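Structure at a glance
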Amino acid sequence: MKFSMTMKETIKLKAHDKAMAQIHANQLRIRQLEYDIERKNTGVVTMHELELCLDAAKREIATWNYIMKLIELDYGKHDYVDGVLGNKGDYDVATAG
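This structure is a prediction, so every number in the text was calculated from the model and none was measured. (Residues numbered from 1 in each chain as written. Predicted model: local features only at pLDDT ≥ 70, side-chain atom pairs only at ≥ 80, totals over all residues. Heavy atoms only, no water.)

1. Section: the overall build of the protein chain
- In terms of regular secondary structure, the protein chain is built from four helices and zero strands.
- From first element to last, N terminus to C terminus, the protein chain shows the α and β order α-α-α-α.
- Residue burial in the protein chain is summarised as follows: out of 97 residues, 22% are buried.
- For the protein chain, restricting intrachain contacts to residue pairs at least 6 apart in sequence, the fraction spanning at least 24 positions comes to 52%.
- Total accessible area on the protein chain stands at roughly 7300 Å², and carbon and sulfur atoms take up 57% of it. (Helix = DSSP H or I, 4+ residues; strand = E, 2+ residues; numbered from the N terminus. Buried < 20%, exposed > 50% of the residue type's maximum accessible area, 1.4 Å probe, protein only. Contact = heavy atoms within 4.5 Å. Areas by Shrake-Rupley, 256 points an atom, 1.4 Å probe, with all protein chains shown as cover.)

See the structure below:
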């Protein structure tokens with residue numbers, strides 16, 4: 001039996017995978033920046049520039065978490081959104097009407 005995905009399902013899956021990859025990459029970047037700041041490993045940049053990069057990476061991960069939440073809600077995976085992303089809501093109200 002063949003598994004056939006519609007174009008919409010394929011796009012949803014790719015969007016989900018892209019968001020997860022971006023979240024993971026940003027988590028790694030944040031860990032490295034925190035490590036460098038803690039140990040004052042500035043290299044050719046200043047400590048202030050490292051802190052700015054850390055702040056930007058944290059804002060980026062917040063954006064990707066929001067995008068992931070929207071993707072998961074579109075999939076109807078409310079348990080995932082509630083548990084992993086820490087969002088509680090009345091999802092049926094948003095889709096009704």
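After presenting the structure, the write-up continues.
2. As for the environment of E72
- Here E72 is to be found in helix α2 (residues 47–75).
- Taking the relative accessible area as the measure of exposure, E72 reaches 1% and is therefore buried.
- In this structure, the C-alpha to C-alpha distance between E72 and K12, residues 60 residues apart in sequence, is 9.2 Å.
- Within the structure, E72 has its side chain in polar contact with the side chain of H16 (distance 2.7 Å). (Polar contact = N/O pair within 3.5 Å; in protein donor to acceptor, adjacent residues only side chain to side chain.)

3. Side note on the nonpolar core
- Judged by nonpolar contacts, A19, I23, I30, L33, I37, L50, L54, A57, I61, W64, M68 and I71 together constitute the single largest core of twelve residues.
- Considering every element that reaches this core, the biggest residue donor is α2, with seven residues. (Core = buried A, V, L, I, M, F, W, Y, C linked by side-chain atoms within 4.5 Å.)

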